[in-house]
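The chain contents come next:
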Amino acid sequence: MTEQKQFRAIKGTRDIQPPDSTLWNWFEQSARDVFESYNFREIRLPIFEETSLFARSVGGETDIVSKEMYSFPDRSTSSDATADAGDLISLRPEATASTMRAYIEHGMHALPGNVKLYYMGPMFRRERPQKGRYRQFYQIGAEVLGQSDAPAIDAEVIEMLMTFFSRVGLIRTTLYINSIGDKNCRPQYVELLRAELRKVKDQLGADSQRRIETNPLRVLDSKIPQEQEIIAKLPKISEHSCDACREHFAKLKEELKLRGVSYQENWRLVRGLDYYTRTTFEVIAEGLGSQNAVCGGGRYDGLVELLGGPPTKGIGFAIGTDRAILSIQESGNLPKLPGLDVFVAWLGLEAYPTAVGLTKKLREAGLSVELPGEEMKFKKSLNLADKLGARYALIIGSDEVATGRFTLKRLADADQKKLSEYELLEYLESERRGTRG
RNA sequence: GUGAGCGUAGCUCAGCUGGUAGAGCAUCGGUCUGUGGCACCGAGGGUCGCGGGUUCAAACCCCGUCGCUCACCCCA
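Residues numbered from 1 in each chain as written. Chains lettered and ligands numbered in written order. Predicted model: local features only at pLDDT ≥ 70, side-chain atom pairs only at ≥ 80, totals over all residues. Heavy atoms only, no water.

Trainee: How would you explain the sheet that holds strand β6 (residues 136-146) if you had to name every residue and give the values?
Mentor: The strand order across the open sheet formed by eight strands is β1-β5-β6-β11-β10-β9-β7-β8, and the pairing between neighbours is mixed. The open sheet terminates on both sides in strands that have one partner only, identified here as β1 (41-42) and β8 (264-265). Bridging between strand β9 (residues 277-285) and strand β10 (residues 293-299) involves six bridges; their strand directions are antiparallel. Within the sheet, the bridge partner assigned to Val 283 lies in β10 and is Cys 295. With respect to the sheet, helix α5 (residues 151-167) is in contact with β5 (115-124), β6, β7 (173-179), β9, β10 and β11 (313-320), its orientation differing from that of β11 by roughly 15°. (Pairing = 2+ DSSP bridges. Helix = DSSP H or I, 4+ residues; strand = E, 2+ residues; numbered from the N terminus. Contact = heavy atoms within 4.5 Å. Axes fitted to C-alpha atoms, helices over the stretch in contact; angles between N-to-C directions.)

Trainee: An account of the sheet that holds strand β13 (residues 369-370) is needed here, citing residue identities and associated values.
Mentor: Sheet architecture is open: five strands sit in the order β13-β12-β14-β15-β16, paired in mixed fashion. One side of each edge strand has no neighbouring strand; the edge strands of this open sheet are β13 and β16 (416-420). Pairing analysis gives five bridges linking strand β12 (residues 342-346) to strand β14 (residues 392-396), with the strands arranged parallel. Each residue of the ladder has a partner; that of Phe 343, found in β14, is Ala 393. Sheet contacts for helix α13 (residues 378-387): β12 and β14; angle to β12, the most-contacted strand, approximately 175°.

Trainee: I'd love a proper account of the packing of aromatic side chains, names of residues and values included.
Mentor: One pass over the full model with this rule turns up 10 aromatic pairs. Judged by centre distance (5.0 Å) and plane angle (70°), the rings of Phe 27 and Phe 164 are edge-to-face. Separated by 137 residues along the polypeptide, Phe 27 in helix α1 (residues 20-37) and Phe 164 in helix α5 bring together distant segments of the chain. Take Phe 164: its relative accessible area is 0%, and that puts it in the buried class. Aromatic rings pair up to connect Phe 27, Phe 35, Tyr 118, Phe 164, Phe 165 and Phe 317 into one cluster. The positively charged end of Arg 14 is found above the aromatic ring belonging to Tyr 134, 4.1 Å away from the centroid. Positioned above the aromatic ring of Tyr 276, the side-chain terminus of Arg 271 is 5.7 Å from the ring centre. (Phe/Tyr/Trp six-rings, centres within 6.5 Å; stacked < 30°, edge-to-face > 60°. Buried < 20%, exposed > 50% of the residue type's maximum accessible area, 1.4 Å probe, protein only. Lys NZ or Arg CZ within 6 Å of the ring centre and 35° of its normal.)

Trainee: Give a description of the side chain of Arg 133 that names residues and reports values.
Mentor: With respect to the helices and strands, Arg 133 occurs in the loop between β5 and β6. Of the polar contacts made by the side chain of Arg 133, one reaches the side chain of Glu 127; its length is 3.0 Å. Among all residues touching Arg 133, those that are not within four sequence positions of it are Arg 125, Glu 127, Gln 291 and Arg 323. (Polar contact = N/O pair within 3.5 Å; in protein donor to acceptor, adjacent residues only side chain to side chain.)

Trainee: Let's hear about the packing of α1 against helix α11 (residues 321-331): which residues, and what values?
Mentor: For the pair α1 and α11, the least separation of the axes is 11 Å and the interaxial angle reads 115°. Our classification of the angle between α1 and α11 gives roughly perpendicular. Crossing angle aside, the handedness with which α1 passes α11 is right-handed. Residues Asp 20, Leu 23, Trp 24 and Phe 27 of α1 form the contact with α11, whose participating residues are Thr 321, Asp 322, Ala 324, Ile 325, Ile 328 and Gln 329. (Parallel < 35°, antiparallel > 145°, perpendicular 65-115°, else oblique. Left-handed = near helix turned anticlockwise from the far one by under 90°.)

Trainee: A description of the protein's contact with RNA strand B should follow, citing residues and the corresponding values.
Mentor: Surveying the vicinity of RNA strand B reveals 46 residues, the closest of which are Pro 93, Arg 211, Gly 272, Lys 379 and Leu 411. Among the atoms of RNA strand B close to the protein, meaning within 4 Å, 51% are from sugar or phosphate groups. Listed by contribution, the elements that provide at least two residues to the surface near RNA strand B are α3 (63-67), α7 (206-214), α13, α14 (398-403) and β15 (405-410). It is α13 that contributes the most residues to the surface near RNA strand B, seven residues altogether. Class assignment of the residues belonging to the surface near RNA strand B gives a composition of 10 nonpolar, 11 polar and 25 charged. (Near = heavy atom within 4 Å. Nonpolar A, V, L, I, M, F, W, Y, C, P; charged D, E, K, R; others polar.)

Below is the structure:
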């Protein structure tokens, strides 16, 4: 009866705790900085939407909708007692559909120029977790919507993405690009591919055999070694795409070169969802498990229309935050992030009021300051300052209170000096500007 | 949904052919009431994931169960 249940985070969810949370904040802030420099602006979206929104955009037949979404009937908003269940709603498995919905709902097609949005936050998938794949996972995404499908837009989006990765030290990456055709040429190619696959069906594994009917493009990125030789001989979409798609892809490559973005063409790069057209891309990184893609994206020119909006061109990507950060951590290429600036080592109760007052001023100046709430032995307090990783110990004892000159000790090299309150604030503020750029 | 591996202290792990639980690190205290990192001494912390079985005796063997991890499927 006194047995207490041990609560734990639900399978596939996790706590991002300090110091990792500091890294996460820095990562997300870096995205904001880079994206806003490309004139993207943030859109904050709901965590859940009507299930049918996802079903329509992602495709009702896919596993995503049929079994991998967290869906539940909303409580009815009507007072009708018989109407127990309201609409079916789902935790978002991705945010592109929500962004499209918002674009349509708020008439953003009437805004001047291209609409450039970014978002970040948690997404949900009901799946067995594995390395770099969680049930609550985080994405940072960006979308460009408007009337133009100029390859320069695709290139700018990709350039922005790679600039961001470079900014956060995610450098050992590979960018793959491909063009998977549009609604004119892709269906023909898919049928051709399916026909070719049927000829070699008995040489393929069970999974690939099934995919011949469900999604033949997916056979192309099969990882099974025995299938690689067969796949290499299959018809390539680049040889069967229409002139318009071919030209679009050629221009994209020119644009990427113009912008100094290095890439690898990968004719086997396909996307699982129907709504993608023409440009697709993916970035893989090191230090991850078999789920090594840190970003996926592509063009989706028909999607807004499919959701009931005006004919609109679109392109976007989503970064897997969990994986990107994992890869940075594995690489050891971590930034020096600000921590505790000052530990106030006060001694003697008569020094306490002064310590409290000074601490407040230091905090107002933007410094991170730790003030012990009870008297400690001096040695212990310096020891704690060290363990907490403070850069400075501010020593306040009876001498300091009497003279009004405080002892500031730099813990890294034990250098210490006596400073008046004014000098102290001046020194710490300028020092901070210097080290934090 | 499928498969494999693993569950011993906060963390990393040891624990022999079964004899009833240990180390390092971390935490807290002391040596040490005006100068941290070091050293030494000490303390707390475990129904060995849980339940059953075999046995005089189970962390160890058997069965079940739960959890974690990785991979497959799928891919947003």
